[in-house]
Amino acid sequence: MTALLKRYDNDTSHIDSGDTAWILVSAALVFIMSPGVGYFYSGMARSKNAVSLVFLCMVAMAVVSVQWVIWGYSLALSDTASNPFIGNLSYGLLLNVGDKPHANAPSIPGDVYAVFQCMFAALTPALALGGAAERVRIFPAILFCFVWTTIVYDPIAYWSWAPKGWMYVMGSLDYAGGTPVHIASGFAALAFSIVLGKRKGFGYEKFEPHNYLNIILGTSLLWFGWFGFNGGSAVASNGRAGMASAVTHIAACMGGLSWSLVAYFRNGYKFSSFHFCSGAISGLVAITPASGFVAPWAALVFGAVAGVVCHFAVDFKEKFGYDDALDVFAVHGVGGVVGNLLTGIFASKAVAALNGSEIGGGWIDHHWKQFGYQLAGSCAGAGWSFVVTCLILIILNYIPGLHLRIHEDGEISGTDVAEMGEHGYKYATIEPNVLGRDNVSLSGLEQGNARPATLTFEDNDASGKSSITGSQEKSGAVGS
C-alpha cells in the first residue's frame, strides 16, 4: 500500500501474529465506517429519506464485497500483473489467496490483507451516493456500485498501491486512500449530482439536516473507524501505525475546530454540532494520504487548512448550481485534493523510516518534485472518476428499468416510502389547546413528513366527542 521496505520474501515463515491481529482489528474498524456514513448521511437528509440512506450504505458494502471476491481484489491489487494500469485475474474468486503474504504486506497472510482492503473498497461507492441523496432509485444504485467499483475504484487503487501501478512507480505518495477513496468518491458524487439533476425545490426551498444526533453518531463511528483506516494501513503493528493513528486524531480535532470557528463568524455567532462534525471529517479526509508520512505538528496544518477550505467549498454548489445533496464533493473531493497536495509539502523521510521505509520526502526534505507527483495523481484520479462516472450514469439511464431518478411523487413522499415502504419515524402532532385535556386519543397517526394526525377527545364540559386536526407539525410528537 505504501512505499514499504521489503523486509521479507513472500513466504509464510515471516508472518507475524501481532501484525496479523492488528490488521484484523483494523478491518473491523473500517467496517464500522459504512454504517457510520449511513447515519451521518441520514442525519443530514430530510427525515423521509433517512432509512434508505443507511440501507444504501449497508447494501453497498454487501455488493462491493461480492465484487471484491469475484475480481475486485485481483484487479485492484494484483502483485503479479506487469502493466501499469490494471491488475490481472490471478486472484479471481480469491482462489490463489491464502497464507502467502501480498508484496505490500509481507508480515500478514494474504487473505487478511484482502479482507482489510475489501473494507476500503466497500466504503467508497457509499460515499459517492451522497451526491444523489433524496432522489436516486435503489435498484440502479446497487448496480452502479458494482460497475463503478470495477471500472473506477479498482483501476485507481491499482495505480496508487499495486507494485506496478504507474502512480506508485512514479513516486506519488498515498498512504491510506486520498485518491482511490476520497478524490474518487468526491468527484463521482459531483458527476452524480450533475447527471441526476437537482432535487425538487433546490434553490428556493431550504434543505436542513433533520437529526443532529444522527450526524454526531455517524461522525463518532467514522472517527473511531478511521484509526483502523489509517493506522491499519501500516499493515503492521509498529511505530508507523502509531504515528498514523496520532496524526489522524490531531487532524480531525483541528479540522472540527477550524470549520467551527469560520462558521461561527459567518453564521450569526452561533456554534453548530453539524459544523464541527463536518470539519472533523474534512480533517480526517485530508490526513488520509499523508497519515504515514507526516509528523504531529504537520497534522495541525492539515486539519486547519482542510477545515477552512472545505467549509468554503460547500458554497460551490450554490454558486455553480449543482445539487450535491450531502456535500460529498466539498468534503471528500476537495478535502482529498488538499490532503494530497499538502503531502507533497510535509511528507517526512523520518516518519516513513519508522518501519524502515525509504521515501524522498516532500518540500520539508527539499524534495521539490514531490508536489508535482501529488498533483499529477490527484488530477488523474479526479478526471478518471468524474468522466467514467458520467458515462456509467448516462448508459444506465438508457437501459430499460434502470433509470436513476425516482419519480416526482416518490421524491415528494420520500425514498423511504417510495423505494422501501418503510418509515424511519412516526409522528403525531397536537394542538397546544388540547394538551391537558383528558381522554385524548390519536385516530390517524401519520408518518414521516406527512400531514398532522387527527385527535379525538372526550370533553368533560360537552355532551359529545369533538375532533381536532393539528396544524403545527412540530408542536408535539409521538415516536415509535
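Rules used throughout
- Residues numbered from 1 in each chain as written.
- Predicted model: local features only at pLDDT ≥ 70, side-chain atom pairs only at ≥ 80, totals over all residues.
- Heavy atoms only, no water.
- Core = buried A, V, L, I, M, F, W, Y, C linked by side-chain atoms within 4.5 Å.
- Buried < 20%, exposed > 50% of the residue type's maximum accessible area, 1.4 Å probe, protein only.
- Helix = DSSP H or I, 4+ residues; strand = E, 2+ residues; numbered from the N terminus.
- Contact = heavy atoms within 4.5 Å.
- pLDDT = per-residue confidence, 0-100.
- Phe/Tyr/Trp six-rings, centres within 6.5 Å; stacked < 30°, edge-to-face > 60°.
- Axes fitted to C-alpha atoms, helices over the stretch in contact; angles between N-to-C directions.
- Parallel < 35°, antiparallel > 145°, perpendicular 65-115°, else oblique.
- Left-handed = near helix turned anticlockwise from the far one by under 90°.
- Patch = residues over 30% accessible without salt bridge, like charges linked within 9 Å, V, L, I, M, F, W, Y side chains within 5 Å.
- Areas by Shrake-Rupley, 256 points an atom, 1.4 Å probe, with all protein chains shown as cover.
- Salt bridge = Lys/Arg side-chain N within 4 Å of Asp/Glu carboxyl O.
- Nonpolar A, V, L, I, M, F, W, Y, C, P; charged D, E, K, R; others polar.

Peer 1: Let's hear about the nonpolar core: which residues, and what values?
Peer 2: Membership of the largest hydrophobic core comes to 123 residues, with the highest contact counts inside it found for Tyr-41, Tyr-153, Phe-229, Val-294 and Phe-302. Ranked by residue count, the leading element in this core is helix 4 (residues 110-128), at 13 residues. Setting aside residues up to four positions removed in sequence, Tyr-153 forms contacts with Trp-68, Gln-117, Phe-120, Ala-121, Thr-124, Trp-148, Trp-161, Pro-180 and Val-181.

Peer 1: Break down the confidence of the model for the chain for me, with residues and values.
Peer 2: Scored by pLDDT, the chain has a mean of 89; 86% of the residues are at 70 or more. Low pLDDT, under 50, characterises residues 1-10; the predicted model gives this stretch 44 contacts beyond four residues in sequence or across chains. When the criterion is pLDDT under 50, residues 428-435 qualifies, and its contacts beyond four places in sequence or with other chains add up to 29 contacts.

Peer 1: So what about the packing of aromatic side chains? Which residues, and what values?
Peer 2: Tallied over the entire structure, the rule returns 25 aromatic pairs. An angle of 65 degrees between the planes, with centres 6.0 Å apart, marks the rings of Trp-71 and Phe-146 as edge-to-face. With Trp-71 in helix 3 (residues 50-77) and Phe-146 in helix 5 (residues 138-161), this pair connects stretches of sequence that are 75 residues apart. By relative accessible area, Trp-71 is classed as partly exposed at 32%. Classification of Phe-146 by relative accessible area gives partly exposed; the value is 23%. Ring centres of Phe-116 and Phe-120 lie 4.9 Å apart, and the angle between their planes is 70 degrees; this geometry places the pair in the edge-to-face category. Of this pair, Phe-116 and Phe-120 both sit in helix 4, 4 residues apart, which is roughly one turn of that helix. Summarising the burial analysis for this pair, Phe-116 and Phe-120 share the class buried. Connected via pairs of aromatic rings, a cluster forms that spans Phe-116, Phe-120, Trp-161, Trp-226 and Phe-229.

Peer 1: I'd love a proper account of the packing of helix 10 (residues 273-287) against helix 11 (residues 296-313), names of residues and values included.
Peer 2: Relative orientation and spacing of two packed helices are given, respectively, by the angle between their axes and the distance between those axes. Where helix 10 contacts helix 11, the two axes come as close as 8 Å, and the packing angle between them is 125 degrees. With respect to helix 11, the axis of helix 10 lies oblique. Classified by chirality, the crossing of helix 11 by helix 10 is right-handed. For the pair helix 10 and helix 11, the contacting residues are Ser-282, Gly-283, Ala-286 and Ile-287 in the first and Ala-299, Phe-302, Gly-303, Ala-306, Gly-307 and Cys-310 in the second.

Peer 1: Which residues make up the environment of Ala-27, and what values do they have?
Peer 2: Mapped onto the elements of the fold, Ala-27 is located in helix 1 (residues 17-31). It is 9.0 Å that separates the C-alpha atoms of Ala-27 and Gly-225, two residues lying 198 residues apart in sequence. Not counting residues up to four positions away in its chain, the partners in contact with Ala-27 are Val-115, Phe-116 and Met-119.

Peer 1: Please provide a residue-by-residue account of a nonpolar patch on the surface, values included.
Peer 2: On the surface, a nonpolar cluster with roughly 640 Å² of combined accessible area is contributed by Val-66, Val-69, Ile-70, Trp-71, Leu-89, Leu-93 and Leu-95. With respect to the secondary-structure elements, Leu-95 resides in the loop between helix 3 and helix 4.

Peer 1: Tell me about the packing of helix 9 (residues 239-266) against helix 10, residues and numbers included.
Peer 2: The N-to-C vectors of helix 9 and helix 10 enclose an angle of 140 degrees; their axes lie 6 Å apart at closest approach. Comparing their axes, helix 10 and helix 9 come out oblique. Crossing hand, helix 9 versus helix 10: right-handed. Contact with helix 9, carried on its side by Val-247, Thr-248, Ala-251, Ala-252, Gly-255, Gly-256, Leu-257, Trp-259, Ser-260 and Ala-263, involves His-275, Phe-276, Ser-278, Gly-279, Ala-280, Ser-282, Gly-283, Leu-284 and Ile-287 of helix 10 and no other residues of that element. Of the residues assigned to the contact of helix 9 with helix 10, the class counts are 10 nonpolar, 9 polar and no charged.

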